[in-house]
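The residues making up each chain are set out below.
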Amino acid sequence: MTATIQGPFRSAIAMSCRTRFAPSPTGFLHIGGARTALFCWLEARHRGGAFVLRIEDTDRERSTQASVDAILDGMNWLGLGWDEGPVFQTARFDRYRQVAEELVAAGKAYCAYETREELDAMRARQEAAGIKPRYDGYWRDRTDPPPDRPRVIRFKNPTTGKVAWEDRVKGRIEISNEELDDLIIWRSDEHPTYNFAVVVDDVDMRISDVIRGDDHVNNTPRQINLYEALGAPLPAFAHLPMIHGPDGAKLSKRHGAVSVMQYRDDGYLPWALLNYIVRLGWSHGDQEIFSIDEMVRLFSVGDVNQSASRFDFDKLRWVNQHWMRHDDPARIAPHLEWQLRDLGLDPAAGPNPADVVVALRDRCHTLREMAEKARVWYAEFESYDEQAVAKHAGGRARECLEAAHAALAGVPRAEWSPPAIDAALRRAAEAVGEGLGKVAQPLRVAMTGTAVSPSIDHTVFLAGQPRALARIERLLARLPSPAG
RNA sequence: GCUCCCUUCGUCUAGUGGCCUAGGACGUCGCCCUCUCAAGGCGAAAACACGAGUUCGAAACUCGUAGGGAGCGCCA
């Protein structure tokens, strides 16, 4: 009996989860924003709820269409799809105006007529006196005739008591109303302010869990007072700790990548980036590697910890390599192709990229490095590393290369594969009475012009039979002729 | 200045009063493996900010101190 009631009841609660990611379009999607978006997305997915994307573009000065596009591109590249939106706040001005006017009519907000200069002066006086700058409430209860000056609408914040909430990550937070002042909700230029628009939107969109950076904790009590004035049910709040740069300072350009799209350019897999950032502030025991499905299954914003973390590029690189090594090569290949093209190489002018992934994924940490190392199979190299030639092309290199050439030429075209090549090279080594290494090193120089490459069978395989033989001939041609 | 938040190895973290002479991972170092470079295996160094208190017992609870962060806009 209990079980039959429990099931539907519980899912009804889960269904009510609605989260939103609400960036302002004043730049690209940065790494902190990406993690906030991820956590919002995961919380909604985990609870079978909805994830809403909202663009907070009420600041006409700083908002740009290019930024909107950049944010959308970032979200799409990461694979964080939204169920509703994008909703633009600029499309909702009438609604904000209506709510602001209702608040005034209800005596919960009022018009104030100070100029910016007067407010600046007030602030300066308060700071000089060493007290917290706050609006003094001059117009709060005035009934004077309104002066002939631009007006703003201010919210009548309660003057006594305190605001408290149970933050899902920070725990209980309390702030006295005496710390707060009457915030402006409607500007003199007839636009809503952030703190007001957010609340109206979150109420209208029935957001159940407000998940955002902890730079917003100080805004929360004012917003809670607004919810109450509106008679709206309170959502749960979850304030995420910040992400700093490796040196503990705010993450900035000088740390390397700030925009998530830069991570694509630098050769990271989107799901690897997600795996790395999900572990910044969240964990599940000792587990380090999470597929997207696992994250959805295991994540809860209530498990996020409370302290700021630093971005560690070394660990990101490790996570990225992990996914390059453990995913299906076919899933990695398109990303490698993107990098090859970005380097000006034609993926069709060489081996199947999936085969390149198999050969190189143990040897690099990013797709960028992989593409650079793959260059030798998509274009001819121009010169040899002379040190490599000096070290490996002396001694019996000529005999070894000739034996390798003969052995490789004997591999039927249809059987051209790493195992067949390995067998051929071992036969060649045996024929000249040397270990495989004596054949492999000069051959490696012949194949790549350098002394470093993947295992010799793959290195030769990826070159393809005609190109492999040609490259052996090319090296042989520059070696001194055999004595006698 | 005021308010709020935070503090376990270099870094990300486990830890919810005894299982902790504090575990894992990245990074670092050493050894093994080996056709180069990697990857992999094994191992090492490395942390509870400090001080009081609560308790039979504190990394965990409370209070201070120090340090760090955020906010205090007609920005979001």
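As the structure is a computational prediction, the values presented were derived from the model and not from experiment.

Parameters and conventions
Residues numbered from 1 in each chain as written. Chains lettered and ligands numbered in written order. Predicted model: local features only at pLDDT ≥ 70, side-chain atom pairs only at ≥ 80, totals over all residues. Heavy atoms only, no water. Helix = DSSP H or I, 4+ residues; strand = E, 2+ residues; numbered from the N terminus. Contact = heavy atoms within 4.5 Å. Core = buried A, V, L, I, M, F, W, Y, C linked by side-chain atoms within 4.5 Å. Buried < 20%, exposed > 50% of the residue type's maximum accessible area, 1.4 Å probe, protein only. Near = heavy atom within 4 Å. Polar contact = N/O pair within 3.5 Å; in protein donor to acceptor, adjacent residues only side chain to side chain. Salt bridge = Lys/Arg side-chain N within 4 Å of Asp/Glu carboxyl O. Disulfide = S-S within 2.5 Å. Pairing = 2+ DSSP bridges. Axes fitted to C-alpha atoms, helices over the stretch in contact; angles between N-to-C directions.

**What about the side chain of arginine 361?**
Right, so step 1: Relative to the elements of secondary structure, arginine 361 occurs in the loop between α13 (353-360) and α14 (367-378).
Right, so step 2: Beyond its immediate chain neighbours, meaning those up to four positions away, arginine 361 contacts Gln321, Met324, Arg325, His326, Asp327, Pro329 and Met370.

**Details of the nonpolar core**
Burial of nonpolar side chains together is a common tendency in soluble globular proteins.
Right, so step 1: Ranked by internal contacts, the top residues of the largest apolar core, which has 60 residues, are Trp377, Leu408, Leu443 and Val460.
Right, so step 2: Sequence-distant contacts of tryptophan 377, defined by excluding residues within four places in its chain, comprise Ala349, Gly350, Pro351, Val356, Leu360, Pro454, Thr459, Leu462, Ala463 and Arg467.
Right, so step 3: In this structure, Leu251, Ile277, Phe290 and Phe313 belong to the second largest nonpolar core, which totals 48 residues.

**Re the protein's contact with RNA strand B**
Right, so step 1: The immediate surroundings of RNA strand B are formed by 60 residues, with Gly130, Arg187, Gly281, Arg325 and Asp362 found nearest.
Right, so step 2: Near the protein, within 4 Å, the atoms of RNA strand B are sugar or phosphate in 67% of cases.
Right, so step 3: One of the side-chain N or O atoms of serine 283 is found 2.8 Å from a phosphate oxygen in RNA strand B.
Right, so step 4: A distance of 2.8 Å is found between a base nitrogen of RNA strand B and a side-chain nitrogen or oxygen belonging to glutamate 288.
Right, so step 5: Within the residue set of the surface near RNA strand B, elements represented by two or more residues are α5 (116-128), β7 (171-176), α6 (194-204), β12 (309-310), α11 (313-326) and α18 (436-448).

**Regarding unusual backbone geometry**
Generally, phi is negative for residues other than glycine and the peptide bonds are trans, each holding for most cases.
Right, so step 1: One non-glycine residue, glutamate 190, lies in positive phi territory at about 65 degrees.
Right, so step 2: The residue glutamate 190 is located in the loop between β8 (184-186) and α6 in this model.
Right, so step 3: The class for glutamate 190 is partly exposed, based on a relative accessible area of 29%.

**A look at the pattern of salt bridges**
Between side chains of opposite charge, a pair can form when the charged atoms approach closely.
Right, so step 1: A complete count under the given rule lists 44 salt bridges for this structure.
Right, so step 2: We note a salt bridge from arginine 168 to glutamate 43, for which the minimum N-O separation is 2.9 Å. With arginine 168 in the loop between β6 (162-167) and β7 and glutamate 43 in helix α2 (residues 31-46), the pair connects residues that are 125 residues apart, well separated along the chain.
Right, so step 3: A salt bridge links arginine 426 to aspartate 422, with the shortest nitrogen-to-oxygen separation between them at 2.9 Å. Within this pair, arginine 426 and its partner aspartate 422 are both found in helix α17 (residues 418-432), separated by four residues, close to a single helical turn.
Right, so step 4: Taking the relative accessible area as the measure of exposure, arginine 426 reaches 45% and is therefore partly exposed.
Right, so step 5: Among the charged side chains, a network of salt bridges with common partners joins Arg20, Arg54, Glu56, Arg92, Arg95, Asp201, Asp202 and Asp204.

**Overview of the state of the cysteines**
Right, so step 1: Inspection of every chain in the model, using the stated rule, returns zero disulfides.
Right, so step 2: Take cysteine 17: it sits in no disulfide, and the sulfur closest to it among the cysteines is that of cysteine 40, at 9.4 Å.

**Here we look at the sheet that holds strand β5 (residues 152-155)**
Right, so step 1: Pairing in this open sheet of three strands is antiparallel, and the strands run β4-β5-β8 from one edge to the other. Pairing within the sheet leaves two strands with one partner each, and these edge strands are β4 (109-112) and β8. Along the sheet, successive strands turn relative to each other by an average axial angle of 45 degrees, direction set aside.

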